[in-house]
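Structure at a glance
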Amino acid sequence: MYALIVKQSKFSFELQHKPSLDSRVVTFAERFSDPIVLKNSRSLDWIESDLENVLWIAKFGNIN
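Just so it is clear, the structure is predicted and the values come from calculations on it, not from any experiment.

With 5 bridges connecting them, strand β1 (residues 2-9) and strand β5 (residues 54-59) associate as antiparallel partners. Paired with A3 across the bridge in β5 is A58. Pairing of strand β4 (residues 47-48) with β5 involves 2 bridges; the strand directions are antiparallel. For E48, the partnering residue across the bridge sits in β5 and is W56. Turn length for the β4-β5 hairpin, with the two strands adjacent in sequence and antiparallel, is 5 residues, and the turn residue N53 shows positive phi of about 65 degrees.

Here the focus is the pattern of salt bridges. Following the criterion strictly, the structure yields 2 salt bridges and no others. With its nearest N and O atoms 2.9 Å apart, the salt bridge here joins R31 to E14. In this pair, R31 sits in strand β3 (residues 28-32) while E14 sits in strand β2 (residues 12-18), placing the two residues 17 residues apart along the sequence. In this structure, the salt-bridge partner of E30 is R42, at a minimum N-O distance of 3.7 Å. Taken together, the residues E30 in strand β3 and R42 in the loop between α1 (35-40) and β4 connect sequence positions 12 residues apart.

With that settled, consider the sheet that holds β3. One key point about sheets: their strands pair by backbone hydrogen bonds, in either a parallel or an antiparallel sense. With respect to topology, 5 strands assemble into an open sheet ordered β3-β2-β1-β5-β4, the strand pairing being antiparallel. At either end of the open sheet lies a strand with only one pairing partner, and these are β3 and β4.

In this fold, E48 is placed in strand β4. On the basis of relative accessible area, E48 is assigned to the exposed category, the value being 68%. Through-space distance from the C-alpha of E48 to that of T27 is 21 Å; in sequence the pair is 21 residues apart. Leave out the neighbours within four places in its chain, and E48 touches L55 and W56.

Conventions adopted
- Residues numbered from 1 in each chain as written.
- Predicted model: local features only at pLDDT ≥ 70, side-chain atom pairs only at ≥ 80, totals over all residues.
- Heavy atoms only, no water.
- Pairing = 2+ DSSP bridges.
- Helix = DSSP H or I, 4+ residues; strand = E, 2+ residues; numbered from the N terminus.
- Salt bridge = Lys/Arg side-chain N within 4 Å of Asp/Glu carboxyl O.
- Buried < 20%, exposed > 50% of the residue type's maximum accessible area, 1.4 Å probe, protein only.
- Contact = heavy atoms within 4.5 Å.

Shape descriptors only; they carry no functional weight alone.
What follows is the structure, encoded as structure tokens:
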């Protein structure tokens, strides 16, 4: 499972849980105006992302 912090608009960011990075399925979503608040809401090992509109990515749970 992956957690992503995604920029939705200029002042809106979303924490998403997805089974894979390329999945269109989002199993959890939470929005906030500050991406740092979303990032700090989960104790994960975040890495900066090169994907478009994705600020950070973290792996968690069972990963195949």
